[in-house]
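# Fold and contact review
So you can see what is in the structure, the chains are spelled out below.
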Amino acid sequence: MLRRELAIVMRARITWLAAALSALLVGHGFVLAIDLYSAGSRSVLSNTLAAREFDPLAGIVRPLLGGLYLSVSLLAPLVAARAIAIEKERRTFRPLLLQTARRWASSLRKRSRRWSA
Amino acid sequence: MSLDVQRLTMTRGRRRVVEDVSLTLSPGEILVVVGANGAGKTTLLDGVLGFVRPTGGRITWNGAAVRTLGERARILSCMPDDADPPAEVTVEALLAFARRFGGVAPEVASGIEERLGLAKLRKARAGELSRGERRRIQLHAALCTSRPVIVLDEPLGTFDPLQLLGILDLLRERAAAGASLLLSVHQMADAEKIASRILILDEGRALAIGTLDELRERAGAPGASLETVFLELLRRARAAA
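So, here is what we can say about the structure in this document. All residue numbers here refer to positions counted from 1 along the written sequence of the relevant chain. Going through the entries in the order they are written, you letter the chains from A and number the ligands from 1. Restriction of local features to residues with pLDDT of at least 70 applies here, the model being predicted, together with a cutoff of 80 or more for giving and counting side-chain atom pairs; totals for whole chains, interfaces and linings are based on all residues.

### Focus on the sheet that holds strand β1 (residues 3-12) of chain B
Residue and element names in this part refer to chain B. Under the convention used in this document: Pairing between strands requires that DSSP locate at least two bridges from one strand to the other. Strands are runs of DSSP state E lasting at least two residues, helices are runs of H or I lasting at least four, and both sets are numbered from the N terminus onward. Residues are scored as being in contact if the C-beta atoms we place from backbone atoms lie within 7 Å. A fitted line through C-alpha atoms serves as each axis, taken over the contacting stretch for helices, and the angle formed by two N-to-C directions is quoted from 0 to 180°.
In space, the four strands of this open sheet follow the order β2-β1-β4-β5, with antiparallel pairing throughout. This sheet does not close on itself; its edge strands, each paired only once, are β2 (15-25) and β5 (64-65). Two strands pair when backbone bridges link them, and β1 and strand β4 (residues 56-61) are joined in this way by five bridges, in the antiparallel orientation. Its bridge partner lying in β4, threonine 9 is registered against glycine 56. Across the face of the sheet, helix α1 (residues 41-49) comes into contact with β1, β2 and β4 while running at roughly 120 degrees to β1.

Okay, here's the thing in structure tokens:
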């Protein structure tokens, strides 16, 4: 299933456009975070307490992860919508549901049994 | 183990496309639906598959009502007439997908692949294939299944005579293995070759259902072809209306 949908997604221009925009967004966020962190680190050098609290995880990694999170939030609906639209356009969406529903239903049943046990 | 369709009625917009159609499908049986364009063949199959919601009637499997997608997915496998595999996906991925969700033994799946001549197309993408090749992939997905009922909408339309013989044999083998096949077929000669029973639809209503001999008897045309029987029954129905 994943292989099939990935093939649809990877050959779509919109996926690469969204990925490029996301890369720009995350890259710009990273550069800004580095810039801010280096500017801040110069000013806290004189203050021991502030220097101890000045953490690269909070200053660089967290904003970067925030940017990634935002990008995935924007990219994922575009990618999923494209795959569903293609399956609908080719009229394979409903047969696909029929083909896969049994397996998903049985796996859901197994999981719910495991959780309830 | 049988699929019962009782008094199925379906509408598209305000138009009643299928009206009070009933049929029973037993294991090993090949029931072919024939009719003129617009007779309601595809809509009837869509109703059985749950792609179009019936406005009346009931579908049961072994006496239990079949209503939800999950219930249908346990018993039905299908090939719609107008579906095309996504052009971006390779044949190999499509075959693997069908095998994974079909739940048949690997040797059965490989046998069907071989019979449909799909092994040599493995590396190609669906978009690079001819219409006939794409239909064979769709047919593979429908036949590569352990589900007891296989619904095929116009499965014979795009094949040359040699391929057609192979595909008819394959369908007969699936039926002999215990599957029930519900087919819509446009060409009467093809329907005659494969059907164990035939349902004739006209303007959404079932004109007749039975074996070819039963239909011949009903039309008063012993030894006649299905086409002659169909035209005779249609003429009578239109004259009576």
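### Here we look at the interface of chain A and chain B
Often, the extent of an interface is quoted as the loss of accessible area upon association of its parts. To keep it simple, the criterion reads: Here the term charged refers only to Asp, Glu, Lys and Arg, the term nonpolar to Ala, Val, Leu, Ile, Met, Phe, Trp, Tyr, Cys and Pro, and the term polar to all other amino acids, Gly among them.
Contacts between chain A and chain B engage 21 residues on the former and 21 residues on the latter. Those elements that provide at least two residues to the side of chain A that touches chain B are α1 (2-10), α4 (56-89) and α5 (93-116) of chain A. The greatest single-element share of the side of chain A that touches chain B, amounting to ten residues, is contributed by α5 of chain A. Considered class by class, the residues forming the side of chain A that touches chain B number nine nonpolar, three polar and nine charged.

### Here we look at helix α5 (residues 131-143) of chain B
Residues and elements named next belong to chain B. Just so we agree on the cut-off: Any helix carries an expected span of 1.5 Å times its number of residues minus one. Any residue whose C-beta has 12 or fewer other C-beta atoms within 10 Å is treated as exposed, any with 20 or more as buried, and any in between as partly exposed, C-beta atoms being built from the backbone.
In this model, α5 (13 residues) spans 18 Å end to end at C-alpha, consistent with the 18 Å of a helix rising 1.5 Å per residue. α5 sits mainly inside the fold: ten of its 13 residues count as buried. Residues of α5 that are buried include every one of Arg134, Arg135, Arg136, Ile137, Gln138, Leu139, His140, Ala141, Ala142 and Leu143, and no others. Looking at the buried positions of α5, the neighbouring elements they touch are β6 (76-79), α3 (91-102), α4 (106-115), β7 (149-153) and α6 (161-176).

### Focus: the environment of glutamate 203 of chain B
Its location among the elements puts glutamate 203 of chain B in the loop between β9 (197-202) and β10 (205-210). Along the primary structure glutamate 203 of chain B and asparagine 37 of chain B are separated by 166 residues, whereas in three dimensions their C-alpha atoms are 9.0 Å apart.

### Brief notes about the environment of glutamate 113 of chain B
Structurally, the position occupied by glutamate 113 of chain B is in helix α4. With near-sequence residues (within four places) excluded, glutamate 113 of chain B lies in contact with Leu95, Leu118, Ala119 and His140 of chain B.

### Thoughts on the packing of α1 of chain A against α4 of chain A
All names here are of chain A. This is how the line gets drawn: By definition in this entry, angles of less than 35 degrees are roughly parallel, angles greater than 145 are roughly antiparallel, angles of 65 to 115 are roughly perpendicular, and the rest are oblique.
At a closest axis distance of 9 Å, the pairing of α1 and α4 adopts a crossing angle of 105 degrees. Taken together, α1 and α4 sit at an angle that is classed as roughly perpendicular. Packed against α1, whose contacting residues are Glu5, Ile8 and Val9, the element α4 presents Val79, Arg82, Ala83 and Ile86 at the interface. Among the residues forming the contact of α1 with α4, the class breakdown is five nonpolar, no polar and two charged.

### Things to note about the nonpolar core
Residue and element names in this part refer to chain B. What counts here: Definition of nonpolar core: a set of buried Ala, Val, Leu, Ile, Met, Phe, Trp, Tyr and Cys residues joined via C-beta atoms within 7 Å.
Core analysis: the biggest nonpolar cluster contains 75 residues, and Val32, Leu94, Val151, Leu182 and Ile198 have the highest contact counts within it. With seven residues, α3 is the single largest residue contributor to this core. Apart from the residues lying within four places of it in its own chain, the contact partners of valine 32 are Leu183, Val185, Ala191, Ile194, Ala195 and Ile198.

### What about the pairing of β10 of chain B?
All names here are of chain B. For β9 and β10, the ladder comprises five bridges, and the chain directions are antiparallel. Within β10, the position partnered with isoleucine 200 by the bridge is alanine 208. Connecting the antiparallel pair β9 and β10 is a turn made up of two residues, with glutamate 203 showing a positive phi of about 45 degrees.

### So, the sheet that holds strand β8 (residues 180-184) of chain B
Hydrogen bonds between backbone groups are what pair the strands of a sheet, and the pairing can be parallel or antiparallel. All names here are of chain B. Strand order across the open sheet formed by six strands is β6-β7-β8-β3-β9-β10, with mixed pairing between neighbours. This sheet does not close on itself; its edge strands, each paired only once, are β6 and β10. Averaged over all pairs of adjacent strands, the angle between strand axes in this sheet comes to 15 degrees, irrespective of strand direction. With five bridges joining them, β7 and β8 adopt parallel strand pairing. Of the residues in β8, the one forming a bridge with leucine 152 is leucine 183. Here α5 sits on the sheet in contact with β6 and β7, set at roughly 175 degrees to β6.

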